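# Working through the structure, step by step
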Amino acid sequence: MFSLPLEQRLEVLADSAKYDVSCSSSGSSRAGKAGALGSTAASGICHSWSADGRCISLLKILLTNACIYDCAYCLNRRSNDIPRAAFTPDEVVALTMNFYRRNYIEGLFLSTGVLRSADYTMEQLIAVARRLREVERFNGYIHLKLVPGADPLLVARAGRYADRLSINIELPSSRSLALLAPDKPRESVIAPMRQVSGLIVESRADRKESRKAPRFAPAGQSTQLIVGATPESDREIITLSEGLYRSLELKRVYYSAFIPVSSDNRLPALPTPPLLREHRLYQADWLLRFYGFAAHELLDEAHPNLDMRFDPKSDWALRNLQLFPVEVNRADYEVLLRVPGVGVRSARRIVQARRGTRLGEVELRKLGVVLKRARYFLTAGGRYLGGIRLDGPQLIERLLAPARRPARLDQLELFAALPDLSAVSGEL
Amino acid sequence: MARYAYEGDFEGFLCALVASLENGDGQPEFVRDSDAAEAGLFSGELCQVPAVREVTLAFRSRFVAAVSREAFATARYAFHSGKKGIEQLLWRYLLLGLEQGRLLEGMLTVEPVWSINRIARHVSHEAHKFKGFVRFREVTEGFLYASIEPEADVLPLIAPHFVGRVGDRPWMIHDLRRRQAAVFDLRSWRLVSGIELTAEPGCSDAERDYAALWQRYFRHHAITERHNPKLQQKHVPLRYRKHLVEFTGP
């Protein structure tokens with residue numbers, strides 16, 4: 001596994017790690033130390049974007065892509081015929097330090113295939129993080145993956161060195177997990193999450209008492225769900241996320257559109273990854289975390305899946321037209337947040353600006369509020385901005401209109417073979 | 001109507017602004033002292049104002065007490081846009097702040113607040129981008145050099161970030177467009193102007209290796225099934241790519 005030259009192993013192990021979508025370097029704010037390398041910014045910093053448009057913030061690699069497990073959805077499963085490679089801890093440390101110093105990256109994201117046993121593998125990951133922190137005095141961001149089934153003591157040690165910990169649930173129900181990842185019982189994933197959540201709360205309380213108390217995963221924990229590999233509905237997924245945010249205080253749940261990395265007959269054959277569905281799930285996820293929505297408001301038994309035509313907020317608003325329109329000059333902040341097209345920034349600006357002046361359509365535009373969708377749900381100074389009467393089907397048509405207008409990309413023929421009536425009437 | 005020539009940076013500008021307030025000037029005009037020579041036909045007398053730290057600090061605390069820290073920061077960011085006529089806008093903004101006090105922050109739709117906010121936001125976005133887009137290379141043993149060409153004058157805004165981050169090596173970030181550089185000597189950083197490259201900076205052996213490794217990593221990070229160059233270009237506009245090692249490789 002060490003026989004390939006370093007640059008090829010870097011390629012292999014980057015390829016094996018890239019399907020983990022977690023990329024953020026946010027949530028941890030640590031000033032630099034004089035004479036040492038590294039600091040963290042609360043907002044996180046993206047350093048580049050690759051050809052698929054995803055940001056590169058952390059050096060995302062595996063320690064090794066050899067694995068004793070055989071999870072059907074995973075590229076690195078035992079039965080898959082791909083080149084295997086591994087890094088020594090020294091190599092990972094050198095890569096991290098040198099990339100970081102050149103400002104290529106914001107820190108390290110270290111994951112791994114499982115070797116020998118969960119505990120052995122977890123120890124390897126911790127060893128790298130410990131060397132970075134204690135020997136190299138690296139003060140940048142470290143994201144460590146937890147190995148399902150690792151000893152709670154090891155989990156507790158990992159959080160001393162890492163900014164963020166994560167363990168991937170991958171499949172939204174135990175039914176699917178049992179089918180596709182028979183080696184990973186659901187409890188081996190949930191138990192460490194529960195433990196980490198408890199330790200984070202504890203360390204936060206300790207640090208309130210004394211600033212010298214050690215930190216534990218100051219940037220919290222996250223997880224990932226694969227979308228489209230199993231038959232779960234969006235409702236199951238979003239309800240699960242809501243539970244994770246509420247009871248385990250997760251920082252993020254990532255959704256990964258399933259890309260077939262094997263021809264296992266337990267998996268569906270998808271022509272393209274369900275990217276739109278992934279996008280809609282992220283939109284719904286944001287509504288849970290920043291807009292005060294509950295999962296049961298967005299999806300219920302009658303609507304178990306998100307509408308692919310609209311964003312989930314528009315969809316919710318169309319089903320609750322009796323609540324609209326609302327008056328921008330009076331509506332509460334929480335109500336404004338529920339207007340389609342109005343985001344956190346716009347709602348804050350509206351609240352700030354209306355203290356001094358009455359807002360009309362012109363002022364809203366100046367504030368940067370995008371009225372494309374919002375206009376049908378707002379009145380400004382008593383005047384309805386939508387122009388048409390609010391009724392469901394008509395409104396749906398209006399909201400969909402821009403997407404349905406066909407783009408005319410071909411050049412117009414001067415003398416078309418058949419006279420095109422629309423060219424005469426001007427309705428192009 | 002007098003013209004006030006100030007020393008290039010924000011401190012200098014504030015001193016000129018204070019001078020105009022002391023003179024009770026109703027319609028001052030501000031010019032960088034490097035541009036002071038090109039006077040218009042009807043321009044008034046030229047008044048050179050030296051930058052004095054105490055004057056700046058006094059004005060700053062006066063403005064912060066009247067309005068807020070955030071509003072002052074907004075003014076500073078807007079100044080660094082280097083846009084033509086920004087001094088005039090800022091003069092109106094700062095005066096309005098002293099007059100209106102805290103109300104200034106709610107006047108989001110009123111000029112000049114609207115314009116200043118918009119410009120400041122633009123600059124702060126670019127400054128944030130460059131916290132990620134600076135690419136250091138080791139030109140001689142241990143010394144790091146980076147060249148950038150940002151639209152706004154972001155160097156003074158991002159240099160403190162890099163002092164906290166790369167504290168174990170001396171470094172220099174060179175703004176080619178403005179011919180100035182932030183230089184860090186392991187203790188503190190300062191802004192040096194009038195810097196010009198006489199030759200392409202050298203490159204240590206380790207540098208070549210790590211740049212090549214980074215380029216490989218960058219290529220392999222992309223997932224083929226999700227190929228989306230349009231999205232990539234939205235985040236990394238072509239104008240920035242010249243100085244990003246992962247976009248300049250083979």
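Residues numbered from 1 in each chain as written. Chains lettered and ligands numbered in written order. Predicted model: local features only at pLDDT ≥ 70, side-chain atom pairs only at ≥ 80, totals over all residues.

Turning our eyes to something else, we now look at the environment of Val339(A). Residues and elements named next belong to chain A. The topology assignment puts Val339 in the loop between helix H11 (333-337) and helix H12 (344-353). With 27 C-beta atoms counted inside 10 Å, the residue Val339 sits in the buried group. Taking C-alpha positions, Val339 is 44 Å from Asn76, a pair spaced 263 residues apart along the chain. The residues touching Val339, leaving out its near neighbours within four places in the chain, are Val326, Ala374, Phe377 and Leu378. (Helix = DSSP H or I, 4+ residues; strand = E, 2+ residues; numbered from the N terminus. Buried ≥ 20, exposed ≤ 12 C-beta atoms within 10 Å, placed from the backbone. Contact = placed C-beta atoms within 7 Å.)

Note: most peptide bonds trans; most residues except glycine with negative phi. That bond from Phe324(A) to Pro325(A) is cis: its omega, -5°, falls within 30 degrees of zero. In this chain, Glu111(B) is followed by Pro112(B) through a cis amide linkage whose omega measures 0°. Relative to the helices and strands, Pro112(B) resides in the loop between helix H4 (86-100) and helix H5 (113-133). One non-glycine residue, Arg116(A), lies in positive phi territory at about 55°. A positive phi angle, close to 65°, is found at Glu170(A), a residue other than glycine.

What follows concerns the interface of chain A and chain B. Facing 43 residues of chain A, the contacting portion of chain B comprises 41 residues. Elements with a contribution of two residues or more to the side of chain A that touches chain B: helix H1 (6-17), strand E1 (48-49), strand E2 (55-56), helix H2 (89-101), H12 and helix H13 (361-366) of chain A. Tallying contributions element by element places H1(A) first for the side of chain A that touches chain B, with five residues. Of the residues that constitute the side of chain A that touches chain B, the class distribution is 18 nonpolar, 13 polar and twelve charged. (Nonpolar A, V, L, I, M, F, W, Y, C, P; charged D, E, K, R; others polar.)

Here we come to the nonpolar core. Judged by nonpolar contacts, the single largest core of 175 residues is most densely connected at Ala158(A), Ala78(B), Leu90(B) and Ile173(B). No other element matches H5(B), which puts eight residues into this core. Dropping the residues within four chain positions of it, Ile173(B) is found in contact with Val134(B), Ala146(B), Ile148(B), Leu155(B), Ala159(B), Phe162(B), Ala181(B) and Ala182(B). (Core = buried A, V, L, I, M, F, W, Y, C linked by C-beta atoms within 7 Å.)

Residues and elements named next belong to chain B. Here the domain parsing of chain B yields domain 1 (3-125) and domain 2 (134-248). Inter-centroid distance (C-alpha atoms) of domain 1 to domain 2 is 31 Å. Contacts between the two partners involve four residues from domain 1 and, on the opposite side, five residues from domain 2. Of the residues contributing to the side of domain 1 that touches domain 2, the split by class is one nonpolar, three polar and no charged. (Domains from an automatic or database assignment.)

This part is about the sheet that holds strand E7 (residues 180-184) of chain B. Residue and element names in this part refer to chain B. Sheet architecture is open: five strands sit in the order E4-E5-E6-E7-E8, paired in mixed fashion. Two strands in the sheet have a free side with no partner beyond their single neighbour: strand E4 (137-140) and strand E8 (189-193). On average, each strand axis in the sheet is tilted by 25° relative to the strand beside it, whichever way the strands run. Where E7 meets E8, five bridges bridge the pair, whose relative direction is antiparallel. When the bridges of E8 are listed, Val183 appears paired with Arg190. The sheet contacts of helix H6 (residues 155-165) involve strand E6 (171-175), E7 and E8, and relative to E6 the element is tilted by about 160°. (Pairing = 2+ DSSP bridges. Axes fitted to C-alpha atoms, helices over the stretch in contact; angles between N-to-C directions.)

Turning next to the packing of helix H1 (residues 10-22) of chain B against helix H2 (residues 53-66) of chain B. Residues and elements named next belong to chain B. Put simply, H1 and H2 touch, their axes get as near as 9 Å, and they point 75° apart. Viewed along their axes, H1 and H2 adopt a mutual orientation that is roughly perpendicular. In this structure, H1 uses Glu11, Leu14, Cys15 and Val18 to contact H2, whose residues at the interface are Arg53, Val55, Thr56 and Phe59. Grouping the amino acids of the contact of H1 with H2 by side-chain chemistry returns five nonpolar, one polar and two charged. (Parallel < 35°, antiparallel > 145°, perpendicular 65-115°, else oblique.)

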